[in-house]
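# Structural features, examined
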Amino acid sequence: QVQLQQSGAELAKPGSSVKISCKASGYTFTSYAMHWIKQTTGQALEWTGYIAPGSGGTKYNEKFKGKATLTVDKSSSTAYMQLSSLTPVDTAVYYCARGTRYPGTPFDYWGQGVMVTVSS
Amino acid sequence: DIQMTQSPHSLSASLGETVSIECLASEGISNYLAWYQQKPGKSPQLLIYYASSLQDGVPSRFSGSGSGTQYSLKISNMQPEDEGVYYCQQGYKYPFTFGSGTKLEIK
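In this numbering scheme, every chain counts its residues from 1 along its sequence in written order. Lettering for chains starts from A, numbering for ligands starts from 1, and both go in the order in which the items are written. Given that this is a predicted model, residues contribute local features only at a pLDDT of at least 70 and side-chain atom pairs are listed and counted only at 80 or more, while totals for whole chains, interfaces and linings are drawn from all residues. To get the side-chain values, take all heavy atoms of the structure and skip hydrogens and water.

## Concerning the pairing of strand β9 (residues 84-90) of chain B
Residue and element names in this part refer to chain B. For clarity, the cut-off: Note on classification: 1.4 Å probe, protein chains only; a residue is buried when its accessible area is under 20% of the maximum for its type, exposed when over 50%, partly exposed between these limits. Each helix is a run of H or I in the DSSP string that is no shorter than four residues. Each strand is a run of E no shorter than two, and both are numbered from the N terminus. Any two strands with at least two DSSP bridges between them are considered paired.
Counting buried residues along β9, seven of its seven residues qualify, which places the element largely inside the surrounding structure. Sheet analysis places β9 next to strand β11 (residues 102-106), joined by three bridges and oriented antiparallel. Considered in β11, the bridge of glycine 84 is made with leucine 104. As judged from the two bridges shared by β9 and strand β10 (residues 97-98), these two strands associate in the antiparallel manner. Residue pairing in the sheet places glutamine 89 in a bridge with phenylalanine 98 of β10. Two successive antiparallel strands, β9 and β10, enclose a turn made up of six residues.

Quick look at the structure:
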């Protein structure tokens, strides 16, 4: 069965970076895009961007350009999101979710989420 | 960016009741509309995609409809496990955007 297993919670200081992971199993990793979605404590959901593991191609929400960097390791079927220059505004739960790079296709499987807390 | 206006913000329903949640897009999205359910402490789960297609494993009491800019999710015969927050999401144009959510509780 399809599973997306994300790494554990992160506590980071302002100005630092974190790299969270999403290990995929149960499907062909390179056949689907991996999307990343931010959820703040107010419950709002924001699409951050996606990466196509087969090509390494990426697309970012303009709002997150320079903040988020998406990469993959095809050998371990793992997707990564690095968040840089952290501020308290980056405090949120970050989900990975399977989709495609084509408009219209939904996010059919989600990881359990990673809580990132930015605090001094 | 396409704005997704979801209503109501919250509602309560009795067991067995039918409820509807609305989602209005700021421009036409060609039925590229998905609905998700989120329970406390859990990740969102896909219910409906392409406006009216039921995701595998989702009970048939959930249904979606709409076109153009207006879409709705209907839950028939409300059950206790239907409590949660519901979100719409447009997949028509990047950046993909979500509605603000509707909290559904049992009355």
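## Details of the pairing of strand β2 (residues 10-13) of chain B
Walk down a regular strand and you will see the side chains alternate between the two sheet faces. Residue and element names in this part refer to chain B. By the alternation rule, side chains of β2 split into Leu11 and Ala13, which are all buried, and Ser10 and Ser12, of which none is buried. Across four bridges, β2 lies against β11 in parallel orientation. If you follow serine 12 over to β11, its bridge partner there is glutamate 105.

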